[in-house]
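Observations on chain architecture
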Amino acid sequence: MNQRLKPVRGMRDILPEDSARFSLIEDTFRSVLSGYSYEEIRLPIVESKNLFDRGLGESTDAVSKEMYSFHDRDSSELALRPEGTASCARAIVNHSMAHEDKPRLWYAGPMFRHERPQAGRYRQFQQVGAEAFGYSGPAIDFELIQIVTNVLESLGLIESVTLLINNIGDATARARFRDALVNYLNPYESDLDSDSRTRLHKNPMRILDSKNERTQTILEGAPKLKEFVGDHSTERFELILGMLSEAQIAYEVADQLVRGFDYYTDSVFEWVTDQIGAQDAVCAGGRYDGLIELLGGKPTPGIGFAAGVDRIALLKSETQEDASYRSTDVYLIALSEDQRSYVSEIAKRIRQGTNLRVREHTEPGRMGSKMRWADKSGATWAVIAGESEEVELNVSIKWLRSDREQLRVPLVGMLEVLKAA
RNA sequence: GUGGAUGUAGCUCAGGUGGUAGAGCACUGGAUUGUGGUUCCAGCGGUCGUGGGUUCAAAUCCCAUCAUCCACCCCA
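Description of the structure in this document. Numbering of residues begins from 1 in every chain and follows the order in which that chain's sequence is written. Each chain takes a letter, starting from A, and each ligand takes a number, starting from 1, following the order in which they are written. Predicted model: local features are reported for residues with pLDDT of at least 70 only, side-chain atom pairs are reported and counted for 80 or more only, and whole-chain, interface and lining totals are derived from all residues. Heavy atoms from the whole structure form the basis of all side-chain values; hydrogens and water molecules are not counted.

**Regarding the overall build of chain A**
In plain terms, the rule: Helix and strand assignments follow DSSP, with helices taken as H or I runs no shorter than four residues and strands as E runs no shorter than two, numbered in order from the N terminus. Two things to know: the radius of gyration comes from C-alpha atoms, and the globule rule equals 2.2 Å times the number of residues to the power 0.38. When a residue's accessible area, from a 1.4 Å probe over protein chains only, is under 20% of the maximum for its type it is buried; when over 50% it is exposed; and in between it is partly exposed.
Scanning chain A from N- to C-terminus turns up 16 helices and 16 strands. For a compact globule of 421 residues, the expected C-alpha radius of gyration is about 22 Å, and chain A comes in at 28 Å, more than 25% above that figure. Summarising its shape, the C-alpha atoms of chain A cover approximately 90 × 50 × 50 Å along the three principal directions. Per-residue burial over chain A gives 48% buried out of 421 residues.

Given below as C-alpha cells:
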C-alpha cells in the first residue's frame, strides 16, 4: 500500500469484493429479521461518554481502556459508540417506547474500540444487532437464537460455528458467586498467572475463561456459578435448552462463558468458530434485565445479540470458494468515437429493459485492448458497434464465456437475445 | 497495553561477507489498421517504510520511529 496517506491504525477500506460480501451478510440479517417483524432503528454513532460508563460498566476494558472518547467544542465528554445495545436502550427510555409496546428492533453500523489490531479485530468494525424489550419468557431467548441460526444457515456457515450458551444469573447471584470465588482463589493467588492475579481484584469472573493451564487446574475445585443462580432463572434456562433441542439447534452449555459487559443477566450465548484465528466469536448476546432501569427507565426486561460482520465475512472467505466476483454483465464497445452516441443509446435500452449491469468502454484505444478489458470485467457479453452496425441499426453480440458464435442482430431484437440467456 | 515476525515496482517476491536495484504477474504499444482469454518482442513503472548514525560508499551494518501480520489481552 502507498505509504504516504493511509487509513489510521485499525481502520480499513472495505474494497468492492469484500464490500459485496458485507452487503450479502447485512441483507441476509435484514431479510431474516424482517421475517420476524423486527423493525430497524438508526442510532447515533456519537453518544455521551456517560452512557457507556453507566451502561457497560466503568471497570470493563471496553470503557476504561478502549473507548474513543473526546471533548466536544463545549467541552462535554463524548464517545464513539463501542457497541449498540446501550444506545438502543437509551432510545427506548428517551422515547418511552416500552410503555405501550414491546419493541423488537434491529440496527446495523460501525462500532469503535481502541484495541490492538489483529486478525478479525479492527478499531472500526461493523455490527448487526437485534434487541427485544419487555419480554421475560424463555421464548424470546429462543427466538433470537433461532434468528441467528437462520442467518448462519442461509449464509452456509452453520457447520463452521458452535453455539455456546450459559446462565449467569442475576446481579445478586453473581455478587455472591464472585465473593465465593475470590475466597476460594485467594489462597492460590501466587500460583495464578499474572493476568488472573490482576483480575482477582478487578474482575474475578474473567478468571474463569483464562487460557492458562495451571489456572484452569486450580479452578477445577472452585465454586460453580450455577450453584448460586436462583431456581426461577435455572428453570427458565432449562426451558430455553428444551426449545433448542426440540428445534434441533445444536448447542453446548459452557460454564465458563461470561460476558464482557456488566449489563448482562441470566442467559448468555455466543457463536464461535475455530477457522478465523484467535478472535473467534462471530456473534454474541444475552439478556440484560436491569439495563433500562439503570438508564433511568421503568424496569423493563431486555435481550439481544450483536453479530460481527467483519468476522462473518472473514469466515465466509475462509470456508467458501470465491463465487467468482463479477460486477458487469454486458461490456459495450464503440469501435471508434464516432459511434459514441449510438453506443449510449444501446446502453440506455439495455438498462431500461433489463436488470443487467452494463459497462461502457469509454477510453479510446485499439480493438484488441478494448476486448481485453471486456474479458477482464467478467462480463457475459461484449456488445460491439462499429460504423456498419450503426448504419444498419445492428449490434454485434459476442459471448465471452462460451464458444457460442458471435451474433449480429437488429437493435430492436437485442434485448430478446440478452434476456434469453 | 505486552511479545514475536515482517516492511524493496500496482501485486508476489529475489537481492551471502556494504560498491549505489532485479524477476514474474499486471499495465501500454507492436507482431495482428474491426475481436479477448495462448505465444513472441519492446516499453512504462522504485524517496528499497520514515528519520538519524557509521563509512569514500548503505536496500545491506547500528540506533530510533512508524506501520502491517500473528499471538497475549480483550471481544463482535
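Next, the rest of the story.
**Looking at the protein's contact with RNA strand B**
Quick reminder of the rule: Any residue with at least one heavy atom within 4 Å of a molecule or strand is counted as near it. Identification of polar contacts relies on pairs of N or O atoms within 3.5 Å, with a donor-acceptor requirement for protein atoms, meaning one able to donate a hydrogen and the other able to accept it, and with residues adjacent in sequence counted only if both atoms are side-chain atoms. Following the grouping adopted for this structure description, the nonpolar residues are Ala, Val, Leu, Ile, Met, Phe, Trp, Tyr, Cys and Pro, the charged ones are Asp, Glu, Lys and Arg, and the polar ones are all others, Gly among them.
Surveying the vicinity of RNA strand B reveals 53 residues, the closest of which are Arg-9, Arg-116, Ala-119, Arg-199 and Arg-206. Close to the protein, within 4 Å, the atoms of RNA strand B belong to sugar or phosphate groups at a rate of 52%. Within the contact set of RNA strand B, a phosphate oxygen lies 2.6 Å away from a side-chain nitrogen or oxygen of Arg-206. Between Arg-366 and RNA strand B, the recorded distance is 2.7 Å, taken from a side-chain N or O atom to a phosphate oxygen. Residue assignment for the surface near RNA strand B shows that the elements contributing at least two residues are strand E6 (124–133), helix H8 (194–202), strand E10 (281–287), strand E11 (302–308), helix H14 (367–376) and helix H15 (387–392). Among the elements that take part in the surface near RNA strand B, H14 stands out by supplying 8 residues, more than any other. Taken together, the residues that form the surface near RNA strand B break down as 17 nonpolar, 13 polar and 23 charged.

**Re the sheet that holds strand E1 (residues 39–40)**
Operational definition: When DSSP finds at least two bridges between two strands, those strands are taken to pair. Whether two residues touch is decided by their heavy atoms; if any such pair falls within 4.5 Å, the residues are in contact. Axis definition: a line fitted to C-alpha atoms, limited for helices to the stretch in contact. Angles are taken between N-to-C directions and run from 0 to 180 degrees.
Spatially, 8 strands are ordered E1-E5-E6-E11-E10-E9-E7-E8 in an open sheet, and the strand pairing comes out mixed. What marks the edges here is a single partner per strand, and that holds for E1 and strand E8 (252–253). Across the sheet, helix H1 (residues 16–35) is in contact with E1, strand E5 (104–112), E6 and E11; its angle to E6 comes to roughly 5 degrees.

**Quick word on the packing of aromatic side chains**
Put simply, the test is: Working definition: a ring pair exists when centres of Phe, Tyr or Trp rings (six-membered ring for Trp) sit within 6.5 Å. Plane angles under 30 degrees give stacked, over 60 give edge-to-face, the rest tilted. Geometrically, a charge over a ring is one whose NZ (Lys) or CZ (Arg) sits within 6 Å of the ring centre while staying within 35 degrees of the ring normal.
The final tally for this structure, using the stated rule, is 8 aromatic pairs. Taken together, a centroid distance of 5.3 Å and an interplanar angle of 45 degrees make the contact between Tyr-184 and Tyr-188 tilted. For the pair Phe-269 and Trp-271, a centre-to-centre distance of 5.7 Å together with 80 degrees between the ring planes defines the contact as edge-to-face. In this structure, Phe-269 and Trp-271 share a single accessibility class: buried. Three or more aromatic residues joined by ring pairs make a cluster, and in this case those are Phe-133, Tyr-263, Tyr-264 and Tyr-288. Positioned above the aromatic ring of Tyr-122, the side-chain terminus of Arg-12 is 3.8 Å from the ring centre.

**Details of the pattern of salt bridges**
Stated formally: For this analysis, a salt bridge means a side-chain nitrogen from Lys or Arg found within 4 Å of a carboxyl oxygen belonging to Asp or Glu.
Overall, the coordinates contain 21 salt bridges when judged by the stated rule. Where Arg-42 meets Glu-40, a salt bridge forms, and the shortest distance between an N and an O atom there is 3.5 Å. Counted as one network, the salt bridges with shared partners bring together Asp-141, Arg-236, Arg-287 and Asp-289.

**Topic: a nonpolar patch on the surface**
As a reminder of what qualifies: Note that patches include only residues with greater than 30% relative accessible area and no salt bridge, and the join distances are 9 Å for like charges and 5 Å for nonpolar side chains (Val, Leu, Ile, Met, Phe, Trp, Tyr). A 1.4 Å probe and the Shrake-Rupley method give the accessible areas. Residues count as covered only by the protein chains that appear here.
On the surface, Ile-45, Val-46 and Phe-70 cluster together to form a nonpolar patch covering roughly 210 Å² of accessible area. Tracing the backbone through its elements, the reader meets Ile-45 in the loop between E1 and strand E2 (46–48). We classify Ile-45 as partly exposed; its relative accessible area is 33%.

**So, the pairing of strand E9 (residues 265–272)**
The side chains of a regular strand alternate between the sheet's two faces. Judged by how many residues are buried, E9 sits mostly within the fold: 8 of 8 residues are covered. Note: strand E7 (residues 162–167) against E9, 6 bridges, orientation antiparallel. By the bridge assignment, Asn-166 is partnered in E9 with Val-268. Summarising the sheet, E9 and E10 pair through 6 bridges and their orientation is antiparallel. Among the inter-strand pairings, Trp-271 is bridged to a residue of E10, identified as Cys-283.

Any functional reading would require information that these geometric values do not contain.
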